[in-house]
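An overview of the molecular structure
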Amino acid sequence: MTNAGFADLPGQPGAGPDAADGGSGPMPYVCQSCGAGYGDADLRWRCDCGGILDFRMPAARVADFRPAASGVWRYASLLPRAAVAARISIGEHATPLVLSERLGVLLKLDHLMPSGSYKDRGAAVLASRLSGLGVREIVLDSSGNAGAAMSTYCAAAGIAATVFVPAGNSPMKLAQSVALGARLRPVPGPRRAATEAAREAAADSFYASHNWSPDFGAGLATLALEIWEQLGGRAPSAVLAPCGNGGIVLGLATGFDALLRGGLIERLPRLVAVQSAAFGSVADALARGLDQPERLSAGAGTIAEGIACELPVRGAQVLAAIRASDGAAITVTDREITDAALALAASGFYAEPTGAVGYAGLRALRGKDGTSALLGESPVVIISGSGLKSGRALADLRDPSWWPAGS
Ligand SMILES: [Zn+2]
């Protein structure tokens, strides 16, 4: 199911040799550790040396944006060539950027993506490349939204997906993947036991990890490009986003860096990573001047289960991105998160608790006087996941007696 009419668009004035079909030179995938490069058709989830792979995004040029496309594929000229050639599209359009007068902030509504979270941006690009390279079966590990997003796009692409999940996970988070046709493999033990099981299974399949995949990361960068266009061709003063593994932070960093290298912005917006107080490894490392986060104990857990991450896979990269933007990392308590989710809901924005974490960070930074020098005049808050994913949790918070007793 590809975007009707997309392939027939004429070339645009100013389009370079790579622009029509995406990509960035013959070796667009580069290892962070040893510098090895890999080509479009050379599919792997990490370098032969074990290092993390990055996609080298070209500099952004407005003339290369697809005028008739909205959302992820509008920026095809910046995305991996093999993904663009086999693109799967089921409505990953530009999400609204709206000014809430009541809340006094610009909100980027990425919970309105097809599967209900921003992760569809990455899943669309990764599943498209996998499909184009003939992959028919993948495994991944996820505790929720990444599994739902990959299940969605694998369903669209006809790829069989097996999702390894922590055995104690809430069924509500997993029902979506099951309904979409993915196979679930519950794994006893902590979250990382599911990761290990998925990697073992990948010996006979492909490990489509959203945290490791450079294609997934390239897709997430479209979030920055959309914000820039929706602001009339300028960067916001700051962007606040939930941060567990740091996918949104890195996606924003990649997209705004492409705009900076293209001469379309003069400086990067401050990236503000907002973490749960129970899983604050990035904020901790930033405060201590470390180059790499250290594993923090899970402690009592958090209601923001989407960012319950002890140690980010790309932790050093997340820290570097925040520092390069002169940004910040802060933590918020579960109480601050649920207050933020209810405040959003009271203004018509239905976010799951994890999806409200960026807004919780804004409230914490603005404090009582409602302003923040750090955030500047035009901060944007990312709403990352839909309230439809959180079942009764938000309703119970609003009114514990709302459901008839005994039923
Ligand atoms: Zn390497």
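Please read all numbers here as calculations on a predicted model, not as lab measurements.

1. Observations regarding the overall build of the protein
Broken down by element type, the protein carries 13 helices and twelve strands. Viewed in the frame of its principal axes, the protein has a C-alpha envelope of about 60 × 50 × 45 Å. For the protein, with 407 residues in total, the buried portion stands at 52%. Intrachain contacts of the protein at a sequence separation of at least 6 include 71% that bridge at least 24 residues.

2. Observations regarding unusual backbone geometry
Positioned with a positive phi, Asp326 is a non-glycine residue whose angle comes to about 60 degrees. Relative to the elements of secondary structure, Asp326 occurs in the loop between helix H10 (315-324) and strand E11 (328-332). Residue Asp326 is classed as partly exposed on the basis of its C-beta count, with 13 C-beta atoms lying within 10 Å.

3. Section: the sheet that holds strand E3 (residues 53-55)
Spatially, E2-E1-E3 is the arrangement adopted by the three strands of the open sheet, whose pairing is antiparallel. Lying at the two open borders of the sheet, with one neighbouring strand each, are strand E2 (37-38) and E3. Of the pairings in the sheet, the one linking strand E1 (residues 29-31) to E3 comprises three bridges and is antiparallel in character. By the bridge assignment, Cys31 is partnered in E3 with Leu53.

4. Some points on the sheet that holds E11
Sheet strands pair via backbone hydrogen bonds, and the direction of the pair is either parallel or antiparallel. Pairing is mixed across the open sheet formed by six strands, whose spatial order is E4-E5-E12-E9-E10-E11. With partners counted over all chains shown, the strands left at the sheet margins are strand E4 (97-100) and E11, one partner each. Strand-to-strand twist of the sheet, defined as the mean angle between neighbouring strand axes without regard to direction, takes the value 25 degrees. Two elements, strand E5 (residues 105-109) and strand E12 (residues 379-383), share four bridges in a ladder whose sense is parallel. When the bridges of E12 are listed, Lys108 appears paired with Ile382. Against the sheet, H10 engages strand E10 (270-276) and E11, with an angle of about 135 degrees to E10.

5. Considerations on the pairing of strand E6 (residues 137-141)
Within E6, four of the five residues are buried, which leaves the element mostly enclosed by the surrounding structure. One crossover worth recording links E6 to the parallel strand E7 (residues 160-166) by way of helix H3 (residues 145-157), and it is right-handed.

6. Remarks on the domain arrangement of the protein
It is common to report an interface's size as the accessible area lost on association of the parts. When the domains of the protein are assigned, the result is domain 1 (97-117 + 215-395) and domain 2 (120-211). When each unit is reduced to the centre of its C-alpha atoms, the spacing between domain 1 and domain 2 is 24 Å. Listed by partner, the interface residues are 21 residues for domain 1 and 19 residues for domain 2. Counting only elements with at least two residues in the side of domain 1 that touches domain 2, the list comes to helix H6 (214-220) and helix H7 (222-230). By residue class, the composition of the side of domain 1 that touches domain 2 is seven nonpolar, ten polar and four charged.

7. Here we look at the packing of H7 against helix H8 (residues 247-261)
At a minimum axis distance of 6 Å, the contact between H7 and H8 shows a crossing angle of 55 degrees. With respect to H8, the element H7 is oriented oblique. Handedness of the crossing formed by H7 with H8: right-handed. Of the residues in H8, those touching H7 at Thr222, Leu223, Ala224, Leu225 and Trp228 are Ile248, Gly251, Leu252, Gly255, Phe256 and Leu259.

8. A look at the nonpolar core
One finds Ala127, Val249 and Ala273 to be the most contacted residues of the largest nonpolar core, which totals 113 residues. Residue contributions to this core peak at nine residues, all from H3. Beyond its immediate chain neighbours, meaning those up to four positions away, Val249 contacts Ala241, Cys243, Leu271, Ala273, Val318, Ala321 and Ile322.

9. Focus: the environment of Gly247
Position of Gly247 among the secondary structure elements: in helix H8. Along the backbone, Gly247 and Leu220 are 27 residues apart, and their C-alpha atoms lie at a distance of 7.4 Å. Once residues lying within four places of it in the same chain are set aside, the contact partners of Gly247 are His210 and Leu220.

10. Here's the deal with helix H12 (residues 357-366)
The element H12 is largely enclosed, with a buried count of seven among its ten residues. Taken together, the buried positions of H12 are Val357, Gly358, Tyr359, Ala360, Gly361, Leu362 and Leu365. Those residues of H12 that are buried lie in contact with E5, strand E9 (238-242), E10, E11, helix H11 (334-346) and E12. Directly beyond the C-terminal end of H12, a positive phi value near 60 degrees is found at Gly367.

11. Concerning helix H2 (residues 120-132)
The first and last C-alpha atoms of H2 sit 18 Å apart over 13 residues, in line with the 18 Å expected at 1.5 Å per residue. In terms of burial, H2 is largely enclosed, as 13 of its 13 residues are buried. Gly134 sits one or two residues past H2 and shows a positive phi near 85 degrees.

12. Examining the environment of Pro166
Checked against the element boundaries, Pro166 lands in strand E7. Taking the C-alpha atoms as reference points, Pro166 and Ala194, separated by 28 residues in sequence, lie 5.8 Å from one another. Excluding residues within four positions of it along the chain, Pro166 makes contact with Ser143, Val187, Arg191 and Ala194.

13. Some details on the packing of helix H9 (residues 281-288) against H10
It is the contact of H9 with H10, at a shortest axis distance of 10 Å, that shows an interaxial angle of 60 degrees. Taken together, the axis directions place H9 and H10 in an arrangement best described as oblique. Between H9 and H10 lies a crossing whose hand is right-handed. In this structure, H9 uses Ser281, Val282, Ala285 and Leu286 to contact H10, whose residues at the interface are Gly315, Val318, Leu319 and Ile322. Looking at the contact of H9 with H10 residue by residue, the class counts come to six nonpolar, two polar and no charged.

So, how was this worked out
Residues numbered from 1 in each chain as written. Predicted model: local features only at pLDDT ≥ 70, side-chain atom pairs only at ≥ 80, totals over all residues. Helix = DSSP H or I, 4+ residues; strand = E, 2+ residues; numbered from the N terminus. Buried ≥ 20, exposed ≤ 12 C-beta atoms within 10 Å, placed from the backbone. Contact = placed C-beta atoms within 7 Å. Pairing = 2+ DSSP bridges. Axes fitted to C-alpha atoms, helices over the stretch in contact; angles between N-to-C directions. Right-handed = clockwise from strand over helix to strand, strands pointing away. Domains from an automatic or database assignment. Nonpolar A, V, L, I, M, F, W, Y, C, P; charged D, E, K, R; others polar. Parallel < 35°, antiparallel > 145°, perpendicular 65-115°, else oblique. Left-handed = near helix turned anticlockwise from the far one by under 90°. Core = buried A, V, L, I, M, F, W, Y, C linked by C-beta atoms within 7 Å. Expected span 1.5 Å × (residues − 1).

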